[in-house]
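Breakdown of the fold
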Protein chains: 2
Amino acid sequence: MARKQATYWVGFDLGGTKMQANVYSETWKVQGQRRRKTKGYEGVKEGVGRMIDTLREALQESGVMPSRLGGIGMGCPGPLDLQRGVILDTPNLGWKNVPVKAMLEKEFKCPVVIANDVDAGTYGEYVGGAAKGARSALGVFPGTGIGGGLVYNGDIYHGTRSSCLEIGHICVQPDGPLCGCGRRGCLEAVCSRLAIASACIEAAYRGQAPHLLKLAGTDLDKIRSGILLQAIEEGDKVVERILIDSARALGDGLASLINVLAPDVVVLGGGLVEAMPALYRREVEARARAASMAAFRHQFKLRVAKLGDDAASLGAAAWARRVVVEHGRR
Amino acid sequence: MARKQATYWVGFDLGGTKMQANVYSETWKVQGQRRRKTKGYEGVKEGVGRMIDTLREALQESGVMPSRLGGIGMGCPGPLDLQRGVILDTPNLGWKNVPVKAMLEKEFKCPVVIANDVDAGTYGEYVGGAAKGARSALGVFPGTGIGGGLVYNGDIYHGTRSSCLEIGHICVQPDGPLCGCGRRGCLEAVCSRLAIASACIEAAYRGQAPHLLKLAGTDLDKIRSGILLQAIEEGDKVVERILIDSARALGDGLASLINVLAPDVVVLGGGLVEAMPALYRREVEARARAASMAAFRHQFKLRVAKLGDDAASLGAAAWARRVVVEHGRR
């Protein structure tokens, strides 16, 4: 009897700016990789064409025949219909009701599984990063908003049709600042990178952050995590203060989530954390421990994400394997 | 070949005031039932003796031989060590480090599985009550505190060693009232029955709730859910106002939890809800829907708990079966 041929899994990360396809062996070694700009504004047909080209080239680079594919996992911005494999609506791309699962299954003749991009990133950190092997791992990714994901007993925690873990939209200040969701005082209205950046340009405008003013002016669109770090290093105390307050507010919100979910590992990732891991992590962790209940305070590890841009691709591939092989679903 | 003999499961609910043992068939029909006062103050040895007597008598009533038991499930007040089956510390009973699993396994020669009492109650509502068959069900039980439990894909969601879902301790008002946990503005500091009762006796003391004053005086210990309802029916508008505000605050907190957990069913139970299901449920539901994100707003059903005092016994028995038979663990 012939030895069973190895199976390969593809992880695809569909981002607002760029897309990435990674071909993985069963032990999650990268066999091939391709990136492209997403250019969502060119429309769905063009966009899906670019996805297919990117997938084909990554497969070519890997030397893996499409017939050897166990499946393709896709990390996509939401909201999604997970069961039908449809991107319902992505403000970042301007796409609506795109049946990516059906479109890619037709093209590649293998199962396609879609997941929320933050869920995929958290799952990637669980499979091969900062939360490797954890029984339960909460992913926290402060960025323009605040993304969240949860892995519990080896599975992505999700709703029946959609993803969930909208941790940026727990209300932490009933009369707090307006949030993009329409409520007041959501965690992300208080401490997302967007909230930080707007507080910093206010300070720059008032003349209290001269280095930031020189580096980036007062245009919100120009404020990147790296620039905030540089302004701090050059001496803008108020920028540091805003960041510390923000990390503490996130830690307080995290404490509420820890009281509800009791994760073993909290993975902290995203651009803000990558730019200043020590400062940010220290403040978040101190508050998350101080503000959570005694029973949970020392039951979790807080770790900075390890996989960066590859987390969502790895997570999507591994999740596709989990769904197809272990759950026997598609 | 002889027909396989039926297996029976026992559910035990260890409460602060009373204990209850129910013997169940495999289709969760009650075959025998016994209750006793808990009298935790008499100490551990006496207390465990009462548990064993209660279990024995329920078995006798059912006519089920101990050899036919698949296992015993115990719903216990926390904190617990779920893996070792130990009650770590129960303020209500004054017990510390009681290895109930080992003690009862020795006595009854069958697997014993312990669960947090609120988790057991939520699981009971999932097995045979208001959340029957739901993919994910969030139990919310406002009482002295606010208990929470979550069933996800047929399992109780819990931490590695302990239970979790401490939904009473999400922070909803950073500068709010002091909570028993030491923080400020926890959900239960704002809207537990204890918070309601103390606001009501303040009003009674001020002369704004004359009916309540006549019914119960100004002793916090005398304020029961039924008395609050009676005061409202007799015309204490301020008591009704306090209850409505409290239900709305709970609905707002619930919205945050819905954004994180996306449950299919929210089960609302406990004495306050049982005393005035229509009023309380209406206010909670309206706010939970209005304050949750558009993607989740219409994805959940909110239901009043059905099983009352039997929820934890049924849930404990069914959870024991799940752990012993389906997970193959003990």
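Note that the structure is predicted; figures quoted are calculated from it, not measured. (Residues numbered from 1 in each chain as written. Chains lettered and ligands numbered in written order. Predicted model: local features only at pLDDT ≥ 70, side-chain atom pairs only at ≥ 80, totals over all residues.)

Re the domain arrangement of chain A
All names here are of chain A.
- The domains assigned to chain A are domain 1 (8-124 + 310-326) and domain 2 (134-305).
- Taking only C-alpha atoms into account, the centre of domain 1 sits 27 Å from that of domain 2.
- Opposite the 15 residues of domain 1 that make contact, domain 2 presents 16 residues.
- Every element with two or more residues in the side of domain 1 that touches domain 2 is listed here: strand S5 (80-81), strand S8 (112-116), helix H3 (117-128) and helix H12 (311-326).
- Partitioning the side of domain 1 that touches domain 2 into residue classes produces eight nonpolar, five polar and two charged. (Domains from an automatic or database assignment. Contact = placed C-beta atoms within 7 Å. Helix = DSSP H or I, 4+ residues; strand = E, 2+ residues; numbered from the N terminus. Nonpolar A, V, L, I, M, F, W, Y, C, P; charged D, E, K, R; others polar.)

Structural notes on the relation of the copies chain B and chain A
- When chain B is fitted onto chain A, the two copies agree to an RMSD of 0.0 Å after a turn of 180 degrees and an axial shift of 0.0 Å. A rotation of that kind, with that shift, is consistent with a two-fold axis.
- In this assembly, 97% of the residues forming the interface of chain B have copies in chain A that are likewise at the interface, indicating an isologous arrangement. (Least-squares fit on C-alpha atoms with pLDDT ≥ 70 in both.)

A look at unusual backbone geometry
- A cis geometry characterises the amide bond from Gly78 of chain A onward to Pro79 of chain A, with omega recorded as -5 degrees.
- You can see Pro79 of chain A is positioned in the loop between strand S4 (69-76) and S5.
- Although it is not a glycine, Leu165 of chain A sits at a positive phi angle of roughly 50 degrees.
- Inspection of the secondary structure puts Leu165 of chain A in the loop between strand S11 (155-156) and helix H4 (187-191).
- Positive phi, close to 50 degrees, is recorded for Asn97 of chain B, a residue that is not glycine.
- Tracing the chain through its elements places Asn97 of chain B in strand S7 (residues 95-98).
- The exposed category is assigned to Asn97 of chain B, around which 10 C-beta atoms lie within 10 Å. (Buried ≥ 20, exposed ≤ 12 C-beta atoms within 10 Å, placed from the backbone.)

Re the interface of chain B and chain A
- Contact residues are listed per partner, giving 31 residues for chain B and 30 residues for chain A.
- The element contributing the most residues to the side of chain B that touches chain A is helix H8 (residues 237-261) of chain B, with six residues.
- The residue inventory of the side of chain B that touches chain A, partitioned by class, reads 18 nonpolar, eight polar and five charged.

Quick look at the sheet that holds strand S10 (residues 146-152) of chain A
All names here are of chain A.
- The mixed open sheet is built from five strands, whose spatial order is S11-S10-S9-S12-S13. Where the open sheet ends on each side, the last strands, each with one partner, are S11 and strand S13 (301-304).
- In this structure, strand S12 (residues 265-268) lies alongside S13, joined through four bridges in parallel fashion. Directly across from Val265, in S13, lies its bridge partner Lys301.
- The sheet contacts of helix H8 (residues 237-261) involve strand S9 (136-142), S10 and S12, and relative to S9 the element is tilted by about 155 degrees. (Pairing = 2+ DSSP bridges. Axes fitted to C-alpha atoms, helices over the stretch in contact; angles between N-to-C directions.)

A word on the nonpolar core
- The biggest cluster of nonpolar side chains holds 231 residues, and the ones touching the most others in it are Cys200 of chain A together with Cys200 of chain B.
- Not counting chain neighbours up to four residues away, the residues in contact with Cys200 of chain B comprise Ala209, Leu212, Ile223, Leu228, Val239 and Ile242 of chain B. (Core = buried A, V, L, I, M, F, W, Y, C linked by C-beta atoms within 7 Å.)

Some details on the pairing of S10 of chain A
All names here are of chain A.
- The element S10 is largely enclosed, with a buried count of seven among its seven residues.
- Side chains Ile146, Gly148, Leu150 and Tyr152 project from S10 onto one buried face, and the interleaved Gly147, Gly149 and Val151 project onto a second face that is buried too.
- In the sheet, S9 pairs with S10 via seven bridges, with the strands oriented antiparallel. For Val140, the partnering residue across the bridge sits in S10 and is Gly148.
- Hairpin connection of S9 to S10: three residues between the antiparallel strands.
- Counting the residues between successive antiparallel strands, the hairpin from S10 to S11 contains two residues, one of them, Asn153, with a positive phi of roughly 50 degrees.

Quick notes on helix H2 (residues 100-108) of chain B
Residues and elements named next belong to chain B.
- Val100, Lys101 and Leu104 are the residues of H2 that are buried. One face of H2 carries all of its buried residues, which in axial projection span an arc of 95 degrees.
- In this structure, the buried side of H2 is in contact with strand S4 (69-76), strand S6 (86-90), S7 and strand S8 (112-116).
- Taken from the residues just after H2, Lys109 is the one with a positive phi, measuring 55 degrees. (Arc of directions from axis to C-beta.)

Looking at the environment of Glu285 of chain B
Residues and elements named next belong to chain B.
- Turning to its location among the elements, Glu285 is positioned in helix H10 (residues 277-291).
- What makes Glu285 partly exposed here is the crowd of 19 C-beta atoms within 10 Å.
- C-alpha separation for the pair Glu285 and Gly315, spaced 30 residues apart in sequence, amounts to 25 Å.
- Each residue touching Glu285, except ones within four places of it in the same chain, is listed here: Gly251 and Leu302.

Focus on the confidence of the model for chain A
- Looking at chain A as a whole, the pLDDT averages 95, with 98% of positions reaching at least 70.
- For this predicted complex, the interface score ipTM comes out at 0.95, while the overall pTM is 0.96. (pLDDT = per-residue confidence, 0-100.)

Some details on the environment of Val118 of chain B
All names here are of chain B.
- For Val118, the position within the fold is in helix H3 (residues 117-128).
- The sequence separation of Val118 and Leu150 amounts to 32 residues, and the corresponding C-alpha distance is 9.2 Å.
- Those residues in contact with Val118 that lie beyond four places of it in its chain are Gly139, Phe141, Gly147, Gly148 and Gly149.

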